[in-house]
Every structure is written in structure tokens, then in C-alpha cells.
Amino acid sequence: MNRHTQTCGRNGRDSAASGEDTPDTATAPNDRCDRTGEPSIAALASLPVAVAVFAACHEPASTLTDLEWRSANPAAELLLGAGPLPGRRLRADATDTACPALFATLADALHGPVERTVAARRGSTPVRWRVAAAPAPGGLCATLSDLGPVALSPAEAQPETQARAVADTLAETLAGALEHSAESFALFDREDRLVHANGRLGTDLPTLVDRLVPGVPFEELARRFAETDPRLTTAQDRAAWMHARLERHRRMDTPVVVPLHDGRWLLSREHAVPGGVLVHYTDVTALKRTEDRLRLRETEAQAARGEADSAKRAKAAFLAQMSHELRTPLNAVLGFSEMLLSEPFGPLGNPRYRSYAGDIRDAGTHLLALIDDILELSRLDGGLTPLVEDGVDLDALSRHVVTALQEAAREGGVTLRRDVPPDLPLLRGDVQALTRMLTNLLSNAVAHTRPGGLVMLTAQLMPDGGIAMMVADTGIGIPSADLPHILHPFEAPDSSIARHSRGSGLGLPVVKQLVEMHGGRLELTSEPDVGTAAVLVFPAARSLPRDRGRPLPLPPV
């Protein structure tokens, strides 16, 4: 029963024209509830039953609004579970009383004596009250008696007994299931006091095992944990931990992983349930240790990748620096060999000298090609070769490369042809890199094709808008066992390819890296004594309309 601020008028009529509220506990000057004939407080206090005197309060239209407690003995306050009662209001809406029918019964007593048995509640238990009331000047007086719990008929008692038995069985089953759970649970009521905790909670938090009894407050358990945690060495540390833990408990935050002082980790979750809060712990120590190991391995892997990248860049920088040291004497060797062959200062004399000079020139040229391949691969590995992109006319580029390699093909007795549509879209790419790709593929094909064989360069627009360029030959082919290794640098194939090749074996790895830098891929198929087909596939994003390009100077082959 809440305090009410409405005023009462004399003789039961309200004349408070100002409409201002007055305190409940004080007697306002304009209070017009009739207080004549009230018995003495001492007389009421001595009675063993609840006795009370009420004043009737009306609206201007003579409508009864409230009954004001004028006096009540201790038995009445004990029965109502509140006090002091004098000055409070029993409201007509009956929302603030343990007996909803009390107001209506007392209101009827304003017109004559009433004696009734009404339903009420004692906490959560349904009971019966005996109400006897009669009119008095300005209101009424009444006695209230608690007749005890409502007696159920056998027909009513049997279903309730069965329901209670089922509920008890379910509670026992649930408690048993929780005891066998691999996780720990604690249930707290609305007042944040422990209702039930399974045995696993004492195992997970052994410092609390002697405190896990029904009724203990959550705050006391948290304080015990803080006091027994050796990591919280000062009162300030413990107070800060307590504040954070109680705040997280109040807000029921998202799950959090909690480290324990013995090295274990618990995943803490809190859920609102009907009538309270469920605190739920899961031991995630094994998972956390696995996560730490994975994180350590990832850190080690990142460090290893960083060291590898640094080593790769250092290697590329070293080889780039050494290129000058290698090329300078090699250029001298090639220059002097050419001079000897041209005999600008007169004949060499013995014809063998001319043959030796030709061998020196050929060996130097081959060595220079090997150095170029190694340096190119090193620059690609170290990311030192940026792409300079333009719209490249593949018809013109293919003609340029095929023309440059025709002499080598004729010397080997190989027919070299091309079939590239002149209206093929331009390819957005680096013209130097594209020239290197076609040169390497065509040179390999010519070198590994027997006299009388054919090498063919074709290009076409793919259904998805991309462009594919294929170099196919009728050469010696590649065994299937060597295909996985042929694209990896410095892995010499264990087959007739190595016996027929004078090169470094780096041509295809260089092509693979260059096409992948353009977002494409290299597809390789082969069959021994039938031939090989190498296909460069470029994505549709690199196809450009022919009117978007401009004539480009083509690099030397």
C-alpha cells in the first residue's frame, strides 16, 4: 500500500478547490476527513486481532475514492506486512494491497455492518481473511483476521499434488543433470542470492567451495575470490577487480575469457532467466593453449616470411649489383671475339684461330643469355620489376617476335608460323614483359622441335572476354612426371629435355611469374614425341577496345 496524496473533505466530501496535493503522513489544514469518535491508540494496541479505523474520502461528485487509515494496532500492521499504517490510503484500484477485495468490502461497510471471508495472499501462499466492519462517524471501523491457507477440495488437491510432484521430479532431474555436466553453473535469485550451484563450480573455483550454500550473496562470493587470488596483492587491486566484476554481472555483458591464477582459463557467461540470473562457466584451458600455440606459430611464420623476403631482396640487390661486374668482362670477351672474326687489322693466319674466335663469341653469347635469365628471375622474385602498362596490339607484337626468331627457326629446319586476328582487342599490359613471354615460349618451342617440325603462335578472344595466346609445337614433348617441376626454377627435369637444352631452364618460370603479375596464368600440356602447348590466359579486365590504344615502340627480341 503506497502513500496517497489526495485530500479528504469533512463529512466525506472533498472541497479542495486548489487541487494541490498534501503529504500523506501529515494532517493538512484543509483535510476534511471526519476523525470524531476515534478510539484511543492504547486500547487498539492491546487487542490480539487486527483493528483499524478508516476515514472516507470523496470527490466533489460524492464518489468514494480512498479510505485513509486513521489508526491501526500492531496486529493490523503485522497482517498487512507494512507500517506505520496511519496516514496511508487504501486505494479504490486495489493495486497496492495483498487483499484485492478489501476496499470493496470496507466500502460496503459505510452503508451498514459487513462480515465476509475474502481471498488474500501471505507472500506467495493463498490465504483467507475474515473482515468485519461497521460504519463510524466520518468513515468506519474494522477487524481483520487471517484464517490461514485456502483448503482445497479433494478434487482440487489431487491435480495440485500431482503437479507439485512432477515439478519436484523435474527439479531433481535437472539438478542431477547439472551435477554430471562438464560445465559449472550457479543460479541466483532476484535479490542476487545463490539458489543452486552444481558440484563442478566448486571444482572450477575451489576457493569458493565452502561458500557455495543457498542464500549467499553474489557479492560475497566475488569478494572471496578477490581475497584469495594471489595476483591481487593490494586492497586497491581487489577493489578495482570487485568493481569491474560486479559491473559486468549487473550488465550481463558478452562472454569473457577469465584467466585464473593457477594457469587455467574459464569462459564466463551470464544470462537473465525467469526469477534471476544464471552464471555459466566453461573450462577453455585446452582451447586457449591451442590458440596461444597457433598465435606463436603464426608469429614465427611471419618472422620467417619477413626473413625470407629480406633475403630475397638482398639476393636480388646482390645479383643486380653483380650484373655490372659480370657484364663488363663478358662484353669485352664478346667485343674482342667479334673483332678477331672481322680481322680489321689483317688476317689471323692459321684458320683455326678464326674457328676459336667463333667458339669464344658463341660461348659468351650463351653465357650472357644465362646471366640475363638469372637476373630477370631475381628481379621478379624481389618485386623489383614494376609493370608499365599500355594498350598492346598483339597482332603487331606477335609479328615482331616471330620475324625476329625466323632465322633461328630456319637454321634448325623448323617452320615458324602465327595466326593472330588483326581485330583482336588490345591487351592492357607491359610491352617489355609480353615480348619476353612470347620470346621465351617461341624460343623453347623452336629449340625442342626436330627438323621438319612446326611451331605455331595463335591468339583468340575467350568467351568471358579474356584473351588467350598459345604456342604449340610438334617437338619432343615433356613426360607427365616432369610437368610439375618444369615451371619451378632450378629444378632440372630428369628427362630428354635436359639433354636437348643448352639453356638455364629458367625461361618457363620467368614466363609464369610475368603472366601472374598481369593477373593471368600459364597452362601447360604436353605428350612425349607429340608436342607441347603453352597457353597464356589473361583476364577479361585486361581487354581494351582497339580505339583506346596508341602505337607503341616494340622492344628488341
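Not measured: the values here are computed from a predicted model. (Residues numbered from 1 in each chain as written. Predicted model: local features only at pLDDT ≥ 70, side-chain atom pairs only at ≥ 80, totals over all residues. Heavy atoms only, no water.)

Novice: Residue-level account of helix α3 (residues 102-109), with values.
Specialist: For α3, a buried count of six out of eight residues is recorded, marking the element as mostly surrounded by other parts of the structure. Taken as a whole, α3 has its buried residues at Leu102, Phe103, Thr105, Leu106, Ala107 and Ala109. In this structure, the buried side of α3 is in contact with β1 (50-58), β2 (64-72), β3 (89-91), β4 (114-122), β5 (125-136) and β6 (139-149). (Buried < 20%, exposed > 50% of the residue type's maximum accessible area, 1.4 Å probe, protein only. Helix = DSSP H or I, 4+ residues; strand = E, 2+ residues; numbered from the N terminus. Contact = heavy atoms within 4.5 Å.)

Novice: How would you explain helix α14 (residues 507-517) if you had to name every residue and give the values?
Specialist: Those residues of α14 that sit buried are Gly507, Leu508, Pro509, Val510, Val511, Leu514 and Val515. Residue Gly519 follows α14 closely and has a positive phi angle near 80 degrees.

Novice: An account of the sheet that holds strand β14 (residues 426-430) is requested, with residue identities and associated values reported.
Specialist: On the basis of which strands lie adjacent, the open sheet formed by three strands has the order β12-β14-β19 and antiparallel pairing. Strands with a single pairing partner mark the edges of an open sheet, and in this sheet they are β12 (389-392) and β19 (543-544). Where β14 and β19 come together, two bridges link them in antiparallel fashion. Each residue of the ladder has a partner; that of Leu426, found in β19, is Leu544. On top of the sheet, helix α11 (residues 431-447) reaches β12 and β14; it is set at about 100 degrees to β14, its chief contact. (Pairing = 2+ DSSP bridges. Axes fitted to C-alpha atoms, helices over the stretch in contact; angles between N-to-C directions.)

Novice: Now, about unusual backbone geometry: what can you tell me, with residues and values included?
Specialist: In the Ramachandran plot, Asp192 falls in the positive-phi region, its phi being about 65 degrees despite a non-glycine side chain. Within the secondary structure, Asp192 is located in the loop between β7 (184-189) and β8 (194-197). Relative accessible area serves as the criterion here: at 24%, Asp192 is assigned to the partly exposed category.

Novice: So what's going on with the pairing of β6? Residues and values would help.
Specialist: Bridge count for β1 against β6 is six bridges, and the pairing is antiparallel. The residue bridging Ala52 from the neighbouring strand is Ala142, located in β6. Examined bridge by bridge, β5 and β6 share ten bridges and lie antiparallel to one another. Opposite Val131, over in β6, you have Leu144 as the bridge partner. Following β5, the chain reverses through two residues before pairing antiparallel with β6; Gly138 in that reversal takes a positive phi of roughly 80 degrees.

Novice: Residues and numbers for the pairing of strand β16 (residues 467-473), please.
Specialist: Extensive coverage of β16 is indicated by the burial of five of its seven residues. Pairing geometry for strand β15 (residues 454-461) and β16, over seven bridges, is antiparallel. Bridging from a neighbouring strand, Ala459 pairs with Met469 of β16. In this structure, the hairpin formed by β15 and β16 is closed by a connection of five residues, where Gly465 is found at a positive phi of approximately 95 degrees. As defined by bridge partners, β16 adjoins strand β18 (residues 531-538) across seven bridges and the pair is classed as antiparallel. Opposite Ala468, over in β18, you have Val537 as the bridge partner.

Novice: Describe in detail the side chain of Thr532, supporting the description with residues and values.
Specialist: Within the element layout of this structure, Thr532 appears in strand β18. With relative accessibility at 15%, the residue Thr532 sits in the buried group. Here Ser526 takes part through its side chain, which lies 2.8 Å from a polar atom of the side chain of Thr532. Contact partners of Thr532, with chain neighbours within four places excluded, come to Val471, Ala472, Asp473, Gly477, Ile478, Leu524, Thr525 and Ser526. (Polar contact = N/O pair within 3.5 Å; in protein donor to acceptor, adjacent residues only side chain to side chain.)

Novice: Summarise the sheet that holds β1; cite the residues concerned and give the values.
Specialist: Two pairing modes exist for strands in a sheet, parallel and antiparallel, and in both the strands are linked by backbone hydrogen bonds. Across the sheet, six strands lie side by side as β3-β2-β1-β6-β5-β4; this open sheet has antiparallel pairing. Only two strands of the sheet have a single partner each, and these edge strands are β3 and β4. The sheet shows a mean angle of 35 degrees between the axes of neighbouring strands, direction not considered. Bridge count between β1 and β2: seven bridges; the pairing is antiparallel.

Novice: Any chance you could break down the side chain of Ser184 for me, citing the residues and the numbers?
Specialist: Mapped onto the fold, Ser184 is located in strand β7. By relative accessible area, which is 0% here, Ser184 ends up buried. A distance of 3.0 Å separates the side chain of Ser184 from the side chain of Asp204, its partner in a polar contact. In contact with Ser184, other than residues within four places in its own chain, are Asn198, Arg200, Leu201, Asp204, Val279, His280 and Tyr281.

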